[in-house]
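Survey of secondary and tertiary structure
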Amino acid sequence: MSPVLLRQIWKRAGNRCEYCHIPHPQFLLPFQVDHIIARQHGGESTLENLALACFHCNRYKGPNIAGRDPDTRELVRLFHPRTDIWSEHFELSHARIVGRTSIGRTTVQVLSMNADDLLLVRLALIDEGGVDFQ
Ligand SMILES: [Zn+2]
């Protein structure tokens, strides 16, 4: 991946994970570039299909592009950082990310966005103040 493309990805993301919104300097593990639609599903390495993701979200997302809504058990696509608006699909309930839509609930579940390590970081950031997860 070219340095120019990498810089565009980081800049566009505001240096935070495009899924869980944790800012990069606050998270101990390295950030990675995610193929929103995985290469094995025909996704290309273009700016439109790439997103900045923390190690946690990228590891759980893997090549997934869909999951089952924990409420309805229906097959639902995952949140797409390029075409979906974060605040329409997610909201913060104290430190927990809650899905507001079927896509949000499914993405929270597949990416395990309320795992203990992420909750711990979010709690610390909220306690310190000044971090807007929306
Ligand atoms: Zn994340």
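What comes next concerns the included structure. The residue numbers shown here count from 1 along each chain, following its written sequence. Local features in this predicted model are restricted to residues whose pLDDT is 70 or higher, and side-chain atom pairs enter the listing and the counts only when it is 80 or higher, whereas totals over whole chains, interfaces and linings include all residues. To obtain the side-chain values, all non-hydrogen atoms of the structure were used and water was disregarded.

Focus: the coordination of the zinc ion
Coordination partners: N, O, S within 2.8 Å of the metal, 3.2 Å for Na, K and Ca; water not considered, so apparent gaps in a site are possible. Protein coordination at the zinc ion comes from Cys17 (SG), Cys20 (SG), Cys54 (SG) and Cys57 (SG), with a distance range of 2.3 Å. Classification of the site at the zinc ion as tetrahedral follows from its four donor atoms and the range of 105 to 115° in their angles at the metal. The sequence pattern formed by the donor residues of the zinc ion is C-x2-C-x33-C-x2-C. With cysteine 17 in the loop between α1 (3–12) and β1 (31–35) and cysteine 57 in helix α2 (residues 55–61), the pair connects residues that are 40 residues apart, well separated along the chain. Every angle between 85 and 135 degrees makes a four-donor site tetrahedral, while opposite donors more than 155 degrees apart, with all other angles between 65 and 115, make a four-donor site square planar and a six-donor site octahedral; other sites are irregular. Starting at the N terminus, helices and strands are each numbered in turn, a helix being any DSSP run of H or I of at least four residues and a strand any DSSP run of E of at least two.

Focus on the pairing of strand β2 (residues 50–54)
Buried means the residue's accessible area, taken with a 1.4 Å probe over protein chains only, is under 20% of the maximum for its type, while exposed means over 50%, and partly exposed covers the values in between. The element β2 is largely enclosed, with a buried count of five among its five residues. When DSSP locates at least two bridges between a pair of strands, those strands are taken to pair. Alignment of β1 against β2, held across five bridges, turns out to be antiparallel. For valine 33, the partnering residue across the bridge sits in β2 and is leucine 52.

Quick word on the nonpolar core
Soluble globular proteins: nonpolar side chains tend toward being buried together. By size, the foremost hydrophobic cluster in this structure holds 29 residues, and its most contacted members are Cys17, Tyr19, Cys20 and Met113. Within the residue set of this core, elements represented by two or more residues are α1, β2, α4 (102–110) and α5 (116–128). The element contributing the most residues to this core is β2, with five residues. In these notes, a set of buried Ala, Val, Leu, Ile, Met, Phe, Trp, Tyr and Cys residues joined through side-chain atoms within 4.5 Å is what counts as a nonpolar core.

Topic: the environment of arginine 100
With respect to the secondary-structure elements, arginine 100 resides in the loop between β6 (96–99) and α4. Sequence separation of arginine 100 and glutamate 88 is 12 residues, and the distance between their C-alpha atoms is 6.9 Å. Residue contacts are counted whenever heavy atoms from the two residues lie within 4.5 Å of one another. Dropping the residues within four chain positions of it, arginine 100 is found in contact with Ser87, Glu88, His89, Phe90, Glu91 and Arg105.

Focus: the pairing of strand β5 (residues 90–93)
Of the strand pairs in this sheet, β5 and β6 are connected by four bridges, and their pairing is antiparallel. Across the sheet, serine 93 pairs through a bridge with arginine 96, a residue of β6. The loop that links β5 with its antiparallel partner β6 comprises two residues; one of these, histidine 94, has a positive phi angle of about 55°.

Overview of the packing of aromatic side chains
Aromatic rings from Phe, Tyr and Trp, taking only the six-membered ring of Trp, are treated as a pair when their centres fall within 6.5 Å; an angle between ring planes under 30 degrees marks them as stacked, one over 60 as edge-to-face, and anything in between as tilted. Per the stated rule, a full pass over the model turns up four aromatic pairs. Ring geometry for phenylalanine 79 against phenylalanine 90: centres 5.1 Å apart, planes inclined by 70°, an arrangement best described as edge-to-face. Here the residue phenylalanine 79 occupies a position in the loop between β4 (75–77) and α3 (86–89), and phenylalanine 90 occupies one in strand β5, the gap between them amounting to 11 residues. The class for phenylalanine 90 is buried, based on a relative accessible area of 1%. Taken together, a centroid distance of 5.1 Å and an interplanar angle of 40° make the contact between tryptophan 86 and phenylalanine 90 tilted.

Here we look at the pattern of salt bridges
We define a salt bridge as a side-chain nitrogen of Lys or Arg found within 4 Å of a carboxyl oxygen belonging to Asp or Glu. For the structure shown, the criterion picks out six salt bridges. Between arginine 105 and aspartate 69 there is a salt bridge, with its nearest N and O atoms 2.7 Å apart. Of this pair, arginine 105 sits in helix α4 while aspartate 69 sits in the loop between β3 (66–68) and β4, and the two are 36 residues apart along the sequence. Here arginine 105 makes a salt bridge to aspartate 71, at a shortest N to O gap of 3.2 Å. Here arginine 105 is found in helix α4, whereas its partner aspartate 71 is found in the loop between β3 and β4, with 34 residues between them in sequence. Judged by relative accessible area, which is 22%, arginine 105 ranks as partly exposed. Several salt bridges converge on common partners, so that one network encompasses Asp69, Asp71 and Arg105.

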